[in-house]
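Architecture at a glance
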Amino acid sequence: MIAIQEEDIDIAAFIAASRRDSMGAQVVFVGTVRDDGIEAIEFEAHAAMAQKDLEEIAAEATKTYSLHSVDIIHRTGTLPVGETIVVIIAGSGHRDEGFEGCRFILERIKEFVPIWKKDIAGDTTRWHH
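Here's what I pulled together on the structure shown here. In this text, all values refer to a predicted model and were calculated from it rather than measured experimentally.

Right, let's talk about the sheet that holds strand β4 (residues 69-75) for a bit. Strand order in the open sheet made by the 4 strands is β1-β4-β6-β2, with mixed pairing throughout. The sheet is open, and its two borders are formed by β1 (2-5) and β2 (25-32), each paired with just one other strand. Within the sheet, the average angular offset between the axes of one strand and its neighbour, ignoring direction, is 5°. Here 8 bridges tie β2 to strand β6 (residues 84-92), and the two strands are oriented antiparallel to one another. Across the sheet, glutamine 26 pairs through a bridge with glycine 91, a residue of β6. Running at roughly 150° to β1, helix α2 (residues 47-65) makes contact with β1 and β4 of the sheet. Relative to β6, helix α3 (residues 95-112) is tilted by about 145°, and along the sheet it contacts β2, β4 and β6.

Basis of the calculations
Residues numbered from 1 in each chain as written. Predicted model: local features only at pLDDT ≥ 70, side-chain atom pairs only at ≥ 80, totals over all residues. Heavy atoms only, no water. Pairing = 2+ DSSP bridges. Helix = DSSP H or I, 4+ residues; strand = E, 2+ residues; numbered from the N terminus. Axes fitted to C-alpha atoms, helices over the stretch in contact; angles between N-to-C directions. Contact = heavy atoms within 4.5 Å.

Right, here's the structure in full:
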């Protein structure tokens, strides 16, 4: 599954749904809103373009790292401290490919997928990619 959504992510169900008998590893990355002086982060996305980009990143990672599956859910909307932002699951035959593939996916998302965030800290806000 590759999705952009506002709804919270049931991480355990997401992991279970992505599991395949051919996998020896599932590497899971869960990104959360951390408390570094902010109250929340607001995420906006160009949904159609972001979806397409995520699918392309998944295909590239699958080919490059011999992954058995790639699943990505990225949330939009206003997320307070502690909320889940993104979940990436890289399923592979062996752990090394899974770890490398998962890191590759995360870095590519941050590099160019049209998802913007605005830190919300009292009266101060700041947009960034």
